[in-house]
Amino acid sequence: MAAACPGHATDATRAADATPAWRDTSLDFDRRAADLVSRMTLEEKIAQMQNAATAIPRLGVPAYDWWNEALHGVARAGTATVFPQAIGLAATFDVPLMHRVATAISDEARAKHDAFVREGKRERYQGLTFWSPNINIFRDPRWGRGQETYGEDPYLTARMGVAFVDGLQGDDPTYRKLDATAKHFAVHSGPESERHHFDARPSERDLYETYLPAFQALVQEAHVDAVMSAYNRVDGAPATGSKRLLGDILRSGWGFKGYVVSDCGAVADIFQHHKLVGTAEQAAALAVSGGVDLNCGTTYASLAKAVHDGLVDASVIDTAVQRLMLARFRLGMFDPSAKLPWSHLPELSAQLPAHGALARTAARESMVLLKNDGLLPLPRTLKRVAVVGPTADSVAALLGNYHGTPLGPVTVLAGIREALPRARVEYVQGADLVEGVKQPIDSGQFEAALDAAHRAEVVIFVGGLTADIEGEEMPVHAPGFDGGDRTSLRLPAPQLKLLKALQATGKPVVLVLTTGSALAVNWAAQKLPAILLAWYPGQAGGHAVADVLFGDADPAGRLPVTFYTGVQQLPPFDDYAMKGRTYRYFDGHPLFPFGYGLSYTHFDYADLHLDRTALDAGESMRITLTVKNTGQRAGDEVVQLYLRALDAPHAHAIKSLRGVRRISLNPGEQRVVSFDITPQADLRYYDAAQHAYAVDPGRYQVQVGASSADIRVAGDFSVRR
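Conventions adopted
Residues numbered from 1 in each chain as written. Predicted model: local features only at pLDDT ≥ 70, side-chain atom pairs only at ≥ 80, totals over all residues. Heavy atoms only, no water. Disulfide = S-S within 2.5 Å. Helix = DSSP H or I, 4+ residues; strand = E, 2+ residues; numbered from the N terminus. Pairing = 2+ DSSP bridges. Axes fitted to C-alpha atoms, helices over the stretch in contact; angles between N-to-C directions. Buried < 20%, exposed > 50% of the residue type's maximum accessible area, 1.4 Å probe, protein only. Lys, Arg positive; Asp, Glu negative; His and termini not counted. Salt bridge = Lys/Arg side-chain N within 4 Å of Asp/Glu carboxyl O. Polar contact = N/O pair within 3.5 Å; in protein donor to acceptor, adjacent residues only side chain to side chain. Contact = heavy atoms within 4.5 Å. pLDDT = per-residue confidence, 0-100. UniProt positions renumbered as here; feature names shortened; annotations may be inferred. Parallel < 35°, antiparallel > 145°, perpendicular 65-115°, else oblique. Left-handed = near helix turned anticlockwise from the far one by under 90°. Nonpolar A, V, L, I, M, F, W, Y, C, P; charged D, E, K, R; others polar. Core = buried A, V, L, I, M, F, W, Y, C linked by side-chain atoms within 4.5 Å. Domains from an automatic or database assignment. Buried area = accessible area lost by both parts, 1.4 Å probe.

**Quick notes on the state of the cysteines**
Disulfides are covalent bonds that connect the sulfur atoms of two cysteines.
And step 1. All told, the structure shown has one disulfide when counted by the stated rule.
And step 2. Disulfide partner of Cys264: Cys296, at an S-S distance of 2.1 Å. Disulfide Cys264-Cys296: torsion about the S-S bond near 85 degrees, hence right-handed. With Cys264 in the loop between strand 8 (259-262) and helix 10 (266-272) and Cys296 in the loop between helix 11 (280-290) and helix 12 (303-308), this residue pair connects regions lying 32 residues apart in the sequence.

Next comes the structure, spelled out in structure tokens:
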């Protein structure tokens, strides 16, 4: 790359370059990016390394803000389709559906960006570089940002994450549709109150077997173009600037070719909170030398002085800026729109009926039926229904965090009323969401809710949480909640009090839960006839809940996290060891296990066949079985394959998910389901002494079933030395 130019290009140079190489669309992107960077001054380069990159008028480079969000729909950029929150999408266990959702999101994002550019707008949330998905492992249900993830399992997180990135970035051989960003690298999952200064010190095995695999999959399989570094330290070094994480593992180990962006303010944390250095210049130099190309924030403004003071070489700046410019070239930002495959997308793609229908499908598929004593599905002949609870008529309960502005969101109450046009549906909120957070409701609401219940044939209680009380670094301090995280897994006290009183009326009560994380609804699991988990289901959430409650859809969502009976079953929140956490390492009895979810029909598993019972580590084995719908109605089954070590020399997880198939079957229909596994990929453990993955010889077991705790068929095999 050309050396950094200390001043502006001369008039003679500009005259000689009537058509500079970076403008020549016949040249490859690498050469064009190098040419453009060679024409910039040091100050101009540094300005491109901050999320709000300023324009360079003399070169014809427009301003660009790298900060955009698309966790479950285009966020903060006006009207957009809002799909279920990420944890709800994970609950579908439907990898092809995730790709369809991400493709719809990318259509809307491209159309929005093009419209903004036509209007001369280039502000935050109007670009093409999206800081999604969040593929951190949801290791502890107290973490408020766990709703943004795909759950507690590395395999499911990787499969969902790869599908999301593929859908966002597109498959054009020349241009990227959008840039996705794998975040937060690495070992980051709370507590939120400590995220700017804590030091995560996982074992090498936990690091490589739990915290890193999804990132590796997104880099090597999906070729994600960006990775966002985390706020915290890992083994004493800031994740934002860790030469081990960003250099040795990400670039040298995995071959990552894209760019690294810091989490917002994370470079400043290096000196302000971690206190590893004393000045902004030193923090900026540490971060960029460690591999962070783009600063979300302004600390990189001090890089000019850092170069002048000898803290960092100008060539490091050149490398970072060239990566950033290369990304912009790949996105087609400097090329005629006619060359881009997406120039035909309609401006109002966020309002396309097909996207609204997809949001409803995704919400339907995310619903997890936790309990049903035969009450569901409810008959449409009902005449009087009481809908009670603090999230029944709440749009906030549909959306979760990092959301867009939906067109015509349908609350659960609205969905129920639409489904029962001839019934009298009486609504009373009845209880506060949680004590001490918002203005308390009228004291007469509690009794009004009981009166409505007495008049009704069935009571539908809609409660749980919203992103107003769980989320990212929030000023929330209430019983059970602290700073966005939770200190208790129980249903908030005002809700539980009302729920118990409603049950005491003798009327059947259906509990519908809105939440982004596990809830210890122990009393409800014992006393109520039906519990439906809706997550934060997106703009069509009310329709989807009604579809399931009244039998238009078979519930087939599955839990991507373990539901514990309470925090007493968990290690301390700030302990990053995986021992005792998630279905892979927890040996207690959960309230509801990972992968769990009921249906309105029944499925039988039979005829498990392994095409070999002994194989070498690099060989492949095909597993087949037959799944049959033995019930009276059509439905989906999520077939889950787990692997378990029986007598391997080293300790392994209790079991690990290594295959998922969501299938639809009519009554009496059966289907052969197949999986392929390879020990080298599916049975590997990290050998800390050898600093490499390895496979133990020994005996293993294939387990296939309807959840991690509901194994229907199993077969043993061995891996040879």
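**As for the sheet that holds strand 3 (residues 181-185)**
And step 1. Ordered in space as 3-5-8, the three strands form an open sheet in which the pairing is parallel. With partners counted over all chains shown, the strands left at the sheet margins are strand 3 and strand 8, one partner each. Averaged over all pairs of adjacent strands, the angle between their axes in this sheet comes to 25 degrees, without regard to strand direction.
And step 2. Alignment of strand 3 against strand 5 (residues 226-229), held across four bridges, turns out to be parallel.

**Thoughts on the side chain of Arg486**
And step 1. Summarising the element assignment, Arg486 is placed in strand 15 (residues 485-486).
And step 2. Among buried charged residues, Arg486 stands out as having no salt bridge; its nearest opposite-charge side chain is Glu470, 4.2 Å away.
And step 3. Here the side chain of Arg486 touches Ala518 through a polar contact of 2.6 Å, landing on its backbone oxygen.
And step 4. Non-local contacts of Arg486, meaning those with residues more than four positions away in its chain, are made with Pro141, Arg142, Leu465, Glu470, Gly480, Phe481, Ser517, Ala518 and Leu519.

**Points about the sheet that holds strand 22 (residues 656-665)**
And step 1. One open sheet accounts for five strands, arranged 19-27-26-21-22; its pairing is mixed. On the outer flanks of this sheet lie strand 19 (614-615) and strand 22, each paired with one strand and no other.
And step 2. With two bridges joining them, strand 19 and strand 27 (residues 710-719) adopt parallel strand pairing. What sits directly across from Ala614, in strand 27, is Ser718.

**Focus on the confidence of the model for the protein**
And step 1. Per-residue pLDDT for the protein averages 96, and the proportion of residues at 70 or more is 97%.
And step 2. For the protein, the element scoring lowest by mean pLDDT is helix 1 (residues 11-16), at 46; strand 17 (residues 530-533) scores highest, at 99.
And step 3. pLDDT under 50 marks residues 1-9. Its contacts with residues more than four places away, or in other chains, come to 21 contacts.
And step 4. Across residues 12-16 the pLDDT falls below 50, and counting only partners more than four positions away or on other chains, this stretch makes one contact in the model.

**Details of the UniProt feature "domain: Fibronectin type III-like" (unreviewed entry) in the protein**
And step 1. Taking the UniProt record as the reference, the feature "domain: Fibronectin type III-like" (unreviewed entry) is found at residues 637-708.
And step 2. Counted over residues 637-708, helix gives 6% and strand 60%. Its end C-alpha atoms are 14 Å apart.

**A closer look at unusual backbone geometry**
And step 1. A cis amide bond links Lys183 to the next residue, His184, at an omega of -5 degrees.
And step 2. Along the chain, the position of His184 falls in strand 3.
And step 3. Omega for the peptide link from Phe185 to Ala186 comes to 10 degrees, which places this bond in the cis form.
And step 4. Even without glycine at this site, Asp235 takes up a positive phi of about 55 degrees.

**Thoughts on the packing of helix 14 (residues 353-366) against helix 20 (residues 541-549)**
And step 1. Between helix 14 and helix 20, the shortest axis-to-axis distance is 8 Å and the interhelical angle comes to 50 degrees. Compared by their axis directions, helix 14 and helix 20 come out oblique. Crossing hand, helix 14 versus helix 20: right-handed. Taking contact as the criterion, the partners of Arg360, Ala363 and Arg364 in helix 14 are, on helix 20, His543, Ala544 and Asp547.
And step 2. Considering only residue class, the contact of helix 14 with helix 20 consists of two nonpolar, one polar and three charged.

**Focus: the nonpolar core**
And step 1. Counting residues in each nonpolar core, the largest one holds 134 residues, and the members touching the most others are Leu36, Met49, Trp66, Phe185, Leu250, Tyr300 and Leu303.
And step 2. If we ignore the near neighbours within four places in the chain, the residues touching Leu303 are Ile46, Met49, Ala284, Ala285, Val288, Val312 and Ile317.
And step 3. One finds Phe138, Met474, Leu498 and Tyr536 within the second-largest nonpolar core, a separate group that totals 52 residues.

**Concerning the domain arrangement of the protein**
And step 1. Domain assignment breaks the protein into domain 1 (29-339), domain 2 (358-567) and domain 3 (603-719).
And step 2. One C-alpha centre belongs to domain 1, the other to domain 2; they are set 35 Å apart.
And step 3. Where domain 1 abuts domain 2, roughly 3500 Å² becomes buried across the two surfaces, and 57% of that area is made up of carbon and sulfur atoms.
And step 4. Put simply, domain 1 and domain 2 have three salt bridges between them.
And step 5. Applying the counting criterion to the domain 1 and domain 2 interface returns 25 residue pairs in polar contact (both at pLDDT 80 or more).
And step 6. It is helix 4 (residues 86-91) that contributes the most residues to the side of domain 1 that touches domain 2, five residues altogether.
And step 7. Class assignment for the residues of the side of domain 1 that touches domain 2 results in 21 nonpolar, 13 polar and 11 charged.

**Here we look at the pattern of salt bridges**
And step 1. Applying the stated criterion across every chain yields a total of 43 salt bridges.
And step 2. Here Glu209 makes a salt bridge to Arg205, at a shortest N to O gap of 2.7 Å. On the criterion of helical spacing, the pair formed by Glu209 and Arg205 is a turn pair, its members being four residues apart in helix 7 (residues 204-211).
And step 3. Take Glu209: its relative accessible area is 13%, and that puts it in the buried class.
And step 4. Residues Arg323 and Asp293 are paired through a salt bridge, measuring 2.8 Å at the closest nitrogen-oxygen approach. On the criterion of sequence distance, the pair formed by Arg323 in helix 13 (residues 314-330) and Asp293 in the loop between helix 11 and helix 12 is long-range, its members being 30 residues apart.
And step 5. Within the structure, one salt-bridge network assembled from shared partners comprises Arg145, Glu148, Glu192, Arg195, Glu472 and Glu473.

**Focus: the environment of Gln85**
And step 1. The topology assignment puts Gln85 in the loop between strand 2 (64-65) and helix 4.
And step 2. According to the relative accessible area criterion, Gln85 is buried, its value standing at 0%.
And step 3. Counting along the chain gives 210 residues from Gln85 to Asn295, while the straight-line C-alpha distance between them is 27 Å.
And step 4. Dropping the residues within four chain positions of it, Gln85 is found in contact with Leu71, His72, Gln147, Glu148, Gly400, Asn401 and Tyr536.

**Quick look at the side chain of Glu69**
And step 1. On the secondary structure map, Glu69 appears in the loop between strand 2 and helix 4.
And step 2. A relative accessible area of 2% places Glu69 in the buried class.
And step 3. A polar side-chain atom of Glu69 sits 2.8 Å from a polar atom in the side chain of Trp67.
And step 4. Dropping the residues within four chain positions of it, Glu69 is found in contact with Val74, Ala75, Arg76, Tyr125, Phe130, Trp131, Ser132, Lys183 and Tyr402.

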